[in-house]
Amino acid sequence: MVPPPTARPLTMIVLVLLLASMGSRATAIGVNWGTSSSHPLPPAIVLQLLKSNRIPKVRLLDAGPALLGALSGSDVDVTVGIPNAMLRSFNSSIKAAESWVHDNVTRYFSGGRGVRIEYVAVGDESFLLGHDDQFYPFVVGAATNIQAALTKANLGSKVKVVVPCSADSFESESSLPSKGHFRIEVNSTMVQILKFLSEHRSPFFVTISPYQSLLQSKNTTLNFALFKETAQSRKDGQRKYKNSFDLSYDTLVTALYSSGFPNMEIVISQIGWPTDGAAYATSILAEEFMKGLLDHLHSKSGTPLRPQNPPIETYLFSLLDEDQRNISSGNFERHWGLFTFDGQAKYQVYLGQTSKKLTNAQGVEYLPSRWCVVNNNKDMSNATAEALDACSVADCTQLSPNGSCFNLSWPANLSYAFNSFYQQHDQRADSCSFGGVGLITTVDPSTVNCLFTIGLQTSHSDSFAWGFSTQLMNFLLTYILVLLK
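- The protein chain has the name glucan endo-1,3-beta-D-glucosidase in an unreviewed UniProt entry, where Trapa incisa is given as its organism.
- Check the Sequence similarities (unreviewed entry) section of the UniProt entry for the protein chain; it says "Belongs to the glycosyl hydrolase 17 family."
- Reading the Catalytic activity (unreviewed entry) entry of the UniProt record for the protein chain gives the comment "Hydrolysis of (1->3)-beta-D-glucosidic linkages in (1->3)-beta-D-glucans."

So, in structure tokens, the structure goes:
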């Protein structure tokens, strides 16, 4: 195991000189496209959304025939993701890895109108502290077998294998970059991954989250997270840090240096700011953060440890809101989108590829203009319990403290829960029963700050969700057959 930085002091002047010699470059901006939605936008509409906003790169958090099929023939560079649930299988079976590569890379890569697959991302933040050791022990074997499968398919030099890492995979007890290192319990595995990436000249994919740093660290202020000029800078020796992004980035740079990989290129695989569901999660602050981040990246100024060397690529998180994302880390998890679930821009930001005004999705088909609300003329004694049951399935994160609908009074907040459930279930009449307390109305119950949404015509049982379920089932069957041989 590589000794922690406290046992092997860094010659920081040498580090700065070494990293400064890497030269200035522009950074490419892409987006994450997730599919954890009850009513996802059809892939063809999402592709047009990418094109109309001239977004050149997209990271798919999972693969599927409908998504990859929609991207065929486009000029969008694609990162195809492998879910954490598949890592154990790929770690133990080269045949399972070969089958996945055939179905999700080779099939779409070939031909003049193929998909421009740039990376295969093995897992998604498998080192996340909340996952314990559920996934990361299988990452090295899975990445090795996926690389072997790509090589066998004659794609080993065309598609790079990467391993997206979480923001908490590295740390600094002093909260200063000069003491940065990978978490002790994952350090050995991380060094193996770095060796793998270095051998294949692949970059290090990592999440940086100034928003979550703001929530978790008393040393981070809002102005510091938002790239504000008025933010109080933080000193680390002779270096001065003016924002949270640079501080986190250079903590990683030091961790890479102390592990023996000072020249490892970095890709920001996820970075964003949520707009609802928690403190500081608003569209106004999200716009300020995005403008500050993109101005910083486009300036090519880099960071104190990597001056004039920004990350080679940055993927904004996320393209769209997803009402089925896991919220164990906070209700804000369902509100990361630049666009709402139906492809409408939440705020305006200059991506550097188009005009300053984002273009909304076109051709979106909605369910009829109907809502489900509380019938005040009925017995309300069980209405609250019915609403709680509805929220256990549907998305009620806007009702949480600091959420956009938190200030709804009773029983309007119950109506919000009822409607969320009703829309998620395609406005079926029986989904607005709630023990006889529900009432279907054509009068929009939305308020100035709280939008009662209408669902999309496409449900999660259709389109690419079915395609991904089929892909997962085919993979599981293939893996079972491999085990039985």
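## Regarding unusual backbone geometry
Point 1. Note the cis peptide between Phe317 and Ser318, where omega equals 5 degrees.
Point 2. Looking at the element boundaries, Ser318 is found in the loop between strand S12 (313-316) and strand S13 (371-374).
Point 3. Despite not being glycine, Ser175 shows a phi value in the positive range, around 65 degrees.
Point 4. Locating Ser175 in the fold gives a position in the loop between strand S6 (170-171) and strand S7 (181-182).

## Looking at the sheet that holds strand S11 (residues 266-271)
Point 1. In space, the 8 strands of this open sheet follow the order S5-S4-S3-S2-S1-S12-S11-S8, with parallel pairing throughout. Where the open sheet ends on each side, the last strands, each with one partner, are strand S5 (160-162) and strand S8 (204-207). With direction set aside, neighbouring strand axes in the sheet form an average angle of 25 degrees.
Point 2. Inspection of the sheet shows S11 paired to S12 by 3 bridges, in the parallel sense. For Val267, the partnering residue across the bridge sits in S12 and is Glu313.
Point 3. Most of the contacts of helix H6 (residues 139-152) go to strand S4 (residues 116-122), to which it runs at about 155 degrees, and overall it touches strand S3 (77-82), S4 and S5.

## Here's the deal with the side chain of Asp236
Point 1. Relative to the elements of secondary structure, Asp236 occurs in strand S9 (residues 234-236).
Point 2. Among the polar contacts listed, one links the side chain of Asp236 to the side chain of Ser178, at a separation of 2.8 Å.
Point 3. Setting aside chain neighbours within four positions, we find Asp236 in contact with Leu176, Pro177, Ser178 and Tyr241.

Parameters and conventions
- Residues numbered from 1 in each chain as written.
- Predicted model: local features only at pLDDT ≥ 70, side-chain atom pairs only at ≥ 80, totals over all residues.
- Heavy atoms only, no water.
- UniProt positions renumbered as here; feature names shortened; annotations may be inferred.
- Helix = DSSP H or I, 4+ residues; strand = E, 2+ residues; numbered from the N terminus.
- Pairing = 2+ DSSP bridges.
- Axes fitted to C-alpha atoms, helices over the stretch in contact; angles between N-to-C directions.
- Contact = heavy atoms within 4.5 Å.
- Polar contact = N/O pair within 3.5 Å; in protein donor to acceptor, adjacent residues only side chain to side chain.

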